[in-house]
Amino acid sequence: MFSKNEVNVKGVKIGGSNPIVIQSMTNIDTKNVTANLSQINNLAKAGAEIVRVSVRDMDDILPFSEIVKNSSLPIVADIHFDYKIAIEAIKVGASKVRINPGNIGSNEKIKQIVKVAKEYKVPIRVGTNSGSIAKEFSNLPRSQALAESALREVQLLEKNEFYDIVISAKSVDARENFLANKYISEKVPYPLHIGITEAGVYEDASILSSAGIGTLLINKIGDTIRVSISGDPLKEVYLAKQLLILLGFKNGIRVIACPTCARTEIDVERLAYEVKEWVKDKKVNRNITISVMGCVVNGPGEAKHSDIAIVGTRNSSGAIFLSGKFYGSYKKDKIKDKLLELIDNLCL
Ligand code: SF4
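Predicted model, so just to flag it, every value in this text is computed and none were measured.

The rules behind these values
Residues numbered from 1 in each chain as written. Predicted model: local features only at pLDDT ≥ 70, side-chain atom pairs only at ≥ 80, totals over all residues. Heavy atoms only, no water. Helix = DSSP H or I, 4+ residues; strand = E, 2+ residues; numbered from the N terminus. Buried < 20%, exposed > 50% of the residue type's maximum accessible area, 1.4 Å probe, protein only. Contact = heavy atoms within 4.5 Å. Areas by Shrake-Rupley, 256 points an atom, 1.4 Å probe, with all protein chains shown as cover. Lys, Arg positive; Asp, Glu negative; His and termini not counted. Charge placed at Lys NZ, Arg CZ, Asp CG, Glu CD. 1 Å grid on protein atoms, 1.4 Å probe; cavity = no way out; pocket = protein on both sides within 12 Å on 5 of 7 lines; lining within 4 Å. Points joined across faces, edges and corners; volume = space filled by probe spheres on them. Nonpolar A, V, L, I, M, F, W, Y, C, P; charged D, E, K, R; others polar. Near = heavy atom within 4 Å. Phe/Tyr/Trp six-rings, centres within 6.5 Å; stacked < 30°, edge-to-face > 60°. Lys NZ or Arg CZ within 6 Å of the ring centre and 35° of its normal. Pairing = 2+ DSSP bridges. Axes fitted to C-alpha atoms, helices over the stretch in contact; angles between N-to-C directions.

Draft legend 1. Region of the structure containing the overall build of the protein chain. A count of helices and strands for the protein chain gives 12 helices and 15 strands. Its C-alpha atoms give the protein chain principal-axis dimensions of roughly 75 × 45 × 35 Å. A buried classification covers 53% of the 348 residues belonging to the protein chain. Excluding contacts between residues fewer than 6 apart, the proportion of contacts in the protein chain whose partners are at least 24 apart in sequence is 63%. In the form shown here, the protein chain has an accessible surface area of approximately 16,100 Å², with 50% of it arising from carbon and sulfur atoms. For the protein chain, the distance from the average position of its 47 positive side-chain charges to the average position of its 39 negative side-chain charges is 4 Å.

Draft legend 2. Just the environment of valine 284, in detail. Within the secondary structure layout, valine 284 lies in the loop between α10 (268-279) and β12 (287-293). For the pair valine 284 and tyrosine 202, spaced 82 residues apart in the sequence, the C-alpha separation amounts to 27 Å. In this structure, valine 284 is in contact with Asn251, Gly252, Ile253, Ile343 and Cys347, ignoring residues within four places of it in sequence.

Draft legend 3. Examining the layout of surface pockets more closely. What the largest pocket holds in volume is close to 780 Å³. Around the largest pocket sit 22 residues that line it, and Lys241, Gln242, Ile245, Val279 and Lys280 are the ones nearest its centre. Only α1 (33-46), α9 (233-246), β11 (252-257) and α10 provide two or more residues apiece to the lining of the largest pocket. For the lining of the largest pocket, the element with the highest residue contribution is α9, accounting for five residues. Among the residues making up the lining of the largest pocket, the classes are represented as nine nonpolar, three polar and 10 charged. In this model, the second largest pocket occupies a volume close to 270 Å³. As for the second largest pocket, its lining consists of 18 residues, and the residues nearest its centre are Arg52, Arg125, Asn129, Thr197 and Arg226.

Draft legend 4. Expanded view of the site of the ligand. Neighbouring the ligand are the residues Cys258, Pro259, Thr260, Cys261, Arg263, Thr264, Gly294, Cys295, Asn298, Gly299 and Glu302. Along the lines of polarity and charge, the residues of the shell around the ligand split into four nonpolar, five polar and two charged.

Draft legend 5. How the structure looks around the packing of aromatic side chains. Across all of its chains, the model carries two aromatic pairs by this definition. Where phenylalanine 2 meets phenylalanine 249, the ring centres are 6.0 Å apart and the plane angle is 85 degrees; that geometry is what we call edge-to-face. Of this pair, phenylalanine 2 sits in the segment before β1 (6-9) while phenylalanine 249 is found in the loop between α9 and β11, placing the two residues 247 residues apart along the sequence. Residues phenylalanine 321 and phenylalanine 326 carry aromatic rings whose centres are separated by 5.6 Å and whose planes lie at 75 degrees to one another, so their mutual orientation is edge-to-face. A residue is classified by how much of its surface remains accessible, and phenylalanine 321, at 11% relative accessible area, is buried. Residue phenylalanine 326 is classed as exposed on the basis of its relative accessible area of 53%. Directly above the ring of tyrosine 183 sits lysine 187, whose terminal nitrogen or CZ lies 4.3 Å from the centroid.

Draft legend 6. Quick peek at the sheet that holds strand β4 (residues 50-54). Strand order around the closed barrel formed by eight strands is β3-β4-β5-β6-β7-β8-β9-β10, with parallel pairing between neighbours. Strand direction decides the pairing type here: strand β3 (residues 21-25) and strand β10 (residues 224-225), joined by two bridges, are parallel. Its bridge partner lying in β10, valine 21 is registered against threonine 224. Together, β7 (124-129) and β8 (165-170) form the strand contacts of helix α6 (residues 142-158), whose direction differs from that of β7 by roughly 155 degrees.

Encoded structure:
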């Protein structure tokens, strides 16, 4: 979304003026083709647009080719060390490869990967994680060392006249992550794949990823995101999608609610959860903010910036406001239908 260059991953464009792309990765043995395809399908339904699959050795190539052939989404091959695996993965249909040129070995090997990638029009993602910073940069501040390590990988491709590149520089530290990606974005035009690496289990990963990915995006850095959570990758995609909607980078419905106080006249928390449930499968063509507010004293004012506000009242269950203007009062059993109707109107 913010880089100068864009790459095309079998029809899914990353970078340039394209929307932020959501990625995830399967966590099932590559040899189990059926289970991988089923997971990819579920990830696609949840909102993933590209999925990465590990190709660990030559024995994985055949099942990988089956996955690629039958997948509804473009598949990225994740490869370490062996250039021959990268070449085969491209030949059997990988839409992009993620390699680490630094551990591939000689320039001759990188040259061979590049030759096939060019022939098949497959972009290459390179980069570094905080655990694999190159020793030669160890005297630099950590964020700069992380960025320079990633840029060194980029130079290994550029040396072979390959520019169809996506870069990642991920840290477990959100601040270091931010500074490294900012540094890279100021130096090169390539799209950035952003995320916090090894972010942990769901609760911690949600906080770290929101901070890490969120600060980058609001500073106009980042083109594709992968939220990293230990366990079921579906959670990564749900979180990534929600993060993009809440930050306004993706069409969707945001339900906000007041924190409640002594003036509260309705059960705000319960109604906010109910509203989330009512709208969860609603397809919209824009960003819509619905606020649930607990009183008529401050609620309407505080909800002025919302498209639709439901404000608690004593006499009826809720007053509805449209862009801050009073629309009508409704009993609770009528609020749901009215709300869904108003959302449809906003999407006309
Ligand atoms: S909207 Fe009303 S109930 Fe909610 S926090 Fe503000 S003053 Fe309190």
